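Chain and residue survey
Spelled out, the chains give:
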Amino acid sequence: MTAKRTKSPRNTPKGDKRDRTRATLLEAARAMVREKGYARTTLEAVARRAGMTTGAIYGNFKSRDELFIALGQTYWAPVKPLIKPGATFAEVMHAMAK
């Protein structure tokens, strides 16, 4: 009789682990921003909330700015300016700047 082997986390592809780590960090950053606001959210607090080190953050994001840009891209819909049909280039640029 052979025992059925369960798949070990060590056998999962590294890409999956990286995705899970990034998702955990982004969720922790999201929670911290909700609690303390963007300006008072530190990388150390995000790492602590995620149960990780700041090294995990820097292994996935180059900077605090990159982490928060990824947070915005992940959780908030892109802002699309209202542009009337037939708008001139200048009108389009003005709408995008707003």
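Residue positions are given per chain, counting from 1 as you read along its sequence in written order. With the structure being a predicted model, the display of local features is reserved for residues of pLDDT at least 70 and the display and counting of side-chain atom pairs for 80 or more, all residues being used for whole-chain, interface and lining totals. Computation of side-chain values: all heavy atoms of the structure, hydrogens and water removed.

**Describing the environment of Lys84**
The test is simple: Only DSSP runs of H or I with at least four residues qualify as helices, and only runs of E with at least two residues qualify as strands; both kinds are numbered from the N terminus onward.
Examined against the element boundaries, Lys84 turns out to sit in the loop between helix H4 (64-75) and helix H5 (89-97). Separated by eleven residues in the primary sequence, Lys84 and Ala95 have C-alpha atoms spaced 9.7 Å apart.

**Overview of the packing of aromatic side chains**
The following threshold applies: Under the pairing criterion, centres of Phe, Tyr and Trp rings, with the six-membered ring standing for Trp, must be within 6.5 Å; the plane angle then separates stacked pairs below 30 degrees from edge-to-face pairs above 60, leaving the rest tilted. Relative accessibility decides the category of a residue: with a 1.4 Å probe and only protein chains considered, values under 20% of the type maximum give buried, values over 50% give exposed, and everything between is partly exposed. Geometrically, a charge over a ring is one whose NZ (Lys) or CZ (Arg) sits within 6 Å of the ring centre while staying within 35 degrees of the ring normal.
One pass over the full model with this rule turns up one aromatic pair. Geometrically, the ring pair formed by Tyr38 and Phe68 is edge-to-face, given 5.0 Å between the ring centres and 80° between the ring planes. Linking Tyr38 in the loop between helix H1 (14-36) and helix H2 (43-50) with Phe68 in helix H4, this pair joins segments that are 30 residues apart in sequence. Residue Phe68 is classed as buried on the basis of its relative accessible area, which comes to 11%. Seen from the ring of Tyr38, Arg64 lies directly overhead, with NZ or CZ sitting 4.4 Å from the centre.

**Re the side chain of Asn60**
Of note, Asn60 is situated in helix H3 (residues 54-60). For Asn60, a relative accessible area of 11% corresponds to the buried category.

**Regarding the confidence of the model for the protein chain**
Heads up, the condition is: Values of pLDDT, which run from 0 to 100, indicate the predictor's confidence residue by residue.
Mean pLDDT over the protein chain: 87, with 85% of residues reaching 70 or higher. Mean pLDDT per element in the protein chain: H5 is the minimum at 88, and H2 is the maximum at 97.

**Points about the nonpolar core**
Our working rule: In this description, a nonpolar core means a group of buried Ala, Val, Leu, Ile, Met, Phe, Trp, Tyr and Cys residues linked to one another through side-chain atoms lying within 4.5 Å. In what follows, a contact means two residues having at least one pair of non-hydrogen atoms within 4.5 Å.
Judged by nonpolar contacts, the single largest core of 16 residues is most densely connected at Leu26, Ala29, Val46, Ile57, Phe61 and Leu67. Going through the elements one at a time, H1, H2 and H4 are the ones with two or more residues in this core. Each residue touching Val46, except ones within four places of it in the same chain, is listed here: Leu25, Ala28, Ala29, Met32, Thr41, Ile57 and Leu67.

**A few points about the pattern of salt bridges**
For clarity, the cut-off: Any Lys or Arg side-chain nitrogen located within 4 Å of an Asp or Glu carboxyl oxygen qualifies as a salt bridge.
On inspection of all chains with the given rule, the structure shows three salt bridges. One salt bridge connects Lys84 with Glu91, and the closest N-O pair in it is separated by 3.8 Å.

**A closer look at the environment of Gly59**
Locating Gly59 in the fold gives a position in helix H3. As a C-alpha pair, Gly59 and Arg18 span 41 residues in sequence and 9.3 Å in three-dimensional space.

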